[in-house]
Amino acid sequence: LHDALPICEKKNRKIERSYEFDQIKMYVPGDDTRSINWKATSAISEIMVNHYEDERSQQIYSIIDKSRVMKMPFNGLNLVDYAINSTLAFSNIVLKKQDKAGLIIFSKKADAFLKADKGSRHLKRIIHSLYKENYDYSEANYEALYTRIRRSISNRALLFLYTNFDSISSLERSIPIFRIINKYHLLVVVFFNNTELEDYSKTKAKTVLDIYQQTIAKKILFEKKIIVKELNKHGIQAILCSPEDLSTNTINKYLELKSKGFI
């Protein structure tokens, strides 16, 4: 119970608000003395303070894993292609909701980073960053991803990580890093159901080999569901979906978290 309590509290933790500089104004009683602008004060011999406005726009980052596990093909595209297309649609919705959209693309290192921002020009920067990217099917380095996040994202943000897992053992190597990232940000891990494998598992077995292969297919599909439960157990949000439903599921999760006040 003691170990579970922090997880429960973590799941209900909201993203902290930040404040943006608005203007320098004359001090009036009640202003926070910590915001006194001493340079402006000395220049005009009047006490001047920095005024900040509550910044309601939140930082929303799409993080694309372009490592070996994202090479799997579906209907003429691979998982990286689906993640790229989904990120574009998702970022557009984020900007329309007056939040800030950002981007990280990584494999053995965090190759691309685009700081979260707003506006139509920023959407063009996202498009450029997405479609200039070259595939790199090495192993994913989550330690390098964590280092990039800690160095580059100062305020608490919502992070959608597009990746994939084929087994519980592959997840177990990543869980410690995910938990650390989720300590500072709200992490949503997005991974994929193998729809072709799912269809095959439902076909009628005709040979002993078919029975064996379908048993393996069902085991893989079952482990995908266990992975969702394992992530949730550690207070980490998860989306398991088919590649075709990726954009819809990601946008719906973002809107759900926003409506519940998590962001």
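Residues numbered from 1 in each chain as written. Predicted model: local features only at pLDDT ≥ 70, side-chain atom pairs only at ≥ 80, totals over all residues. Heavy atoms only, no water.

### Overview of the environment of Asn232
Operational definition: A helix here means a DSSP run of H or I that spans at least four residues, while a strand means a run of E at least two residues long, and both kinds are numbered starting from the N terminus. Between buried and exposed lies partly exposed: a residue is buried under 20% and exposed over 50% of the maximum accessible area for its type, with that area taken using a 1.4 Å probe on protein chains only. Counted as a polar contact is a pair of N or O atoms within 3.5 Å, where, for protein atoms, one must be capable of donating a hydrogen and the other of accepting one, and residues adjacent in sequence contribute only when both atoms are in side chains.
As for its position among the elements, Asn232 is in helix α9 (residues 208-233). Overall, the relative accessible area of 32% leaves Asn232 in the partly exposed class. A distance of 3.0 Å separates a polar side-chain atom of Asn232 from the backbone oxygen of Ile236.

### A word on the pairing of strand β9 (residues 186-192)
Quick note on the threshold: Note: two strands are recorded as paired if DSSP finds a minimum of 2 bridges between them.
Counting buried residues along β9, seven of its seven residues qualify, which places the element largely inside the surrounding structure. Sheet analysis places strand β8 (residues 158-162) next to β9, joined by five bridges and oriented parallel. Following the sheet pairing, Tyr162 is matched in β9 by Val190. The pairing of β9 with strand β10 (residues 237-241) spans five bridges and is classified as parallel. For Phe192, the partnering residue across the bridge sits in β10 and is Cys241.

### Focus on the nonpolar core
Quick reminder of the rule: Joining through side-chain atoms within 4.5 Å is the link that ties buried Ala, Val, Leu, Ile, Met, Phe, Trp, Tyr and Cys residues into a set, and such a set is a nonpolar core. In what follows, a contact means two residues having at least one pair of non-hydrogen atoms within 4.5 Å.
With 35 residues, the main nonpolar core has Ile60, Ile64, Phe90, Leu158, Phe160, Tyr162 and Tyr254 as its most contacted residues. In contact with Phe90, not counting residues within four places along its chain, are Ile60, Ser62, Phe160, Tyr162, Thr250, Ile251 and Tyr254.

### Here's the deal with the packing of aromatic side chains
Each aromatic ring pair is described using two quantities: the centre-to-centre distance and the angle formed by the ring planes. Test applied: Two aromatic rings, drawn from Phe, Tyr or Trp (for Trp, its six-membered ring), form a pair once their centres lie within 6.5 Å of each other, and the interplanar angle then sorts them: stacked below 30 degrees, edge-to-face above 60, tilted otherwise. By definition, being over a ring means that NZ of Lys or CZ of Arg is both within 6 Å of the ring centre and within 35 degrees of the ring normal.
Scanning the model with the defined rule gives seven aromatic pairs in all. Seen in terms of ring centroids, Phe90 and Tyr254 are 5.5 Å apart; in terms of plane orientation they differ by 85°. Their pairing is edge-to-face. Note that Phe90 is positioned in helix α3 (residues 79-96) and Tyr254 in helix α10 (residues 246-259), a separation of 164 residues in sequence. For the pair Phe90 and Tyr254, one class covers both residues: buried. Clustering of aromatic rings is evident, with ring pairs tying together Phe106, Tyr142, Phe165, Phe178 and Phe191. A cation sits over an aromatic face here: Arg150 above Tyr184, 3.7 Å from the ring centre.

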